[in-house]
Amino acid sequence: MRTSAPETWELRLYVAGTTPKSILALKNLTLLCETHLKGKYRIQVIDLMENPKLAAGDQIFAIPTLVRKLPEPIKKIIGDLSDTERVLVGLDVKRVAPEAA
């Protein structure tokens, strides 16, 4: 029997050094993953200060940027990931609830 979601979510967080915003983005992402994807995720942090050429592969134009590689399709979220609800919906971890009338 096949499930629609992969066993492991592959996430890339693009940062530029250890700026407060980059540190906060990693902290927020780690907390979100531990809460909603525990045991089913892998985070790769890519520091563009060390490897600026890596930005081209995922077409990164702003930092920090989170890229969901798996499950497909690829999704991107820009910012420090502090709006948990927006991040969960953006990654398709959580579906958008219909507006209350």
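Numbers given to residues run from 1 along each chain, matching the order in which its sequence is written. Predicted model: local features are reported for residues with pLDDT of at least 70 only, side-chain atom pairs are reported and counted for 80 or more only, and whole-chain, interface and lining totals are derived from all residues. As a convention, hydrogens and water are excluded, and side-chain values are obtained from all of the structure's heavy atoms.

1. Examining the pairing of strand β1 (residues 9-15)
Move 1: Taken across its seven residues, β1 has five buried, putting it largely inside the fold.
Move 2: Should DSSP find at least two bridges between two strands, the strands are regarded as paired. To qualify as a helix, a DSSP run of H or I must reach at least 4 residues; to qualify as a strand, a run of E must reach at least 2; elements of each kind are numbered from the N terminus. As defined by bridge partners, β1 adjoins strand β2 (residues 41-47) across seven bridges and the pair is classed as parallel. Bridging across to β2, L13 finds its partner in V45.
Move 3: Note on handedness: a crossover is taken as right-handed if, strands pointing away from the viewer, the path from the first strand over the helix to the second is clockwise. Regarding the hand of the β-α-β motif, the stretch spanning β1, helix α1 (residues 20-36) and β2 is right-handed.
Move 4: Pairing geometry for β1 and strand β3 (residues 65-70), over five bridges, is antiparallel. Of the residues in β3, the one forming a bridge with E10 is L70. Partly exposed residues are those whose accessible area sits between 20% and 50% of the maximum for their type, while under 20% is buried and over 50% is exposed, using a 1.4 Å probe and protein chains only.

2. A look at the environment of L29
Move 1: Inspection of the secondary structure puts L29 in helix α1.
Move 2: What makes L29 buried here is its relative accessible area of 1%.
Move 3: Between the C-alpha atom of L29 and that of S82, which follows or precedes it by 53 residues, the distance is 8.6 Å.
Move 4: Residues count as neighbours in contact if any of their non-hydrogen atoms are within 4.5 Å of one another. Contact partners of L29, with chain neighbours within four places excluded, come to L11, L13, I43, L66 and L81.

3. Brief notes about the nonpolar core
Move 1: Counting 15 residues, the largest nonpolar core has L13, L29, L66, L81 and L91 as the members making the most contacts within it.
Move 2: Sequence-distant contacts of L13, that is, excluding residues within four places in its chain, are made with A25, L26, L29, Q44, V45, I46, P64, T65, L66 and L81.
Move 3: In this structure, Y14, I46, L48 and A55 belong to the second largest nonpolar core, which totals six residues. Take the buried Ala, Val, Leu, Ile, Met, Phe, Trp, Tyr and Cys residues and link them wherever side-chain atoms come within 4.5 Å; each set so joined is a nonpolar core.

4. Some words on unusual backbone geometry
Move 1: The step from I63 to P64 runs through a cis peptide bond, and the omega angle for that step is -5 degrees.
Move 2: The omega angle of the peptide bond from L70 to P71 is 0 degrees, so this bond is cis rather than trans.
Move 3: You can see P71 is positioned in the loop between β3 and β4 (75-78).
Move 4: Phi at L81 is positive, roughly 65 degrees, even though this residue is not glycine.
Move 5: Tracing the backbone shows L81 in the loop between β4 and α2 (84-90).
Move 6: The exposure class of L81 is buried, given its relative accessible area of 4%.
Move 7: One non-glycine residue, D92, adopts positive backbone phi at about 65 degrees.
Move 8: The topology assignment puts D92 in the segment after α2.

5. Structural notes on the sheet that holds β2
Move 1: Ordered in space as β2-β1-β3-β4, the four strands form an open sheet in which the pairing is mixed. Edge positions in the open sheet fall to β2 and β4, since each of these has one partner strand only. Averaged over all pairs of adjacent strands, the angle between their axes in this sheet comes to 20 degrees, without regard to strand direction.
Move 2: Each of β1, β2 and β3 touches α1; the most contacted strand, β2, lies at about 175 degrees to it. For helices, the fitted line uses only the C-alpha atoms of the stretch in contact; every axis is such a line through C-alpha atoms, and the angle between N-to-C directions lies from 0 to 180 degrees.

The analysis is restricted to geometry; functional conclusions fall outside its scope.
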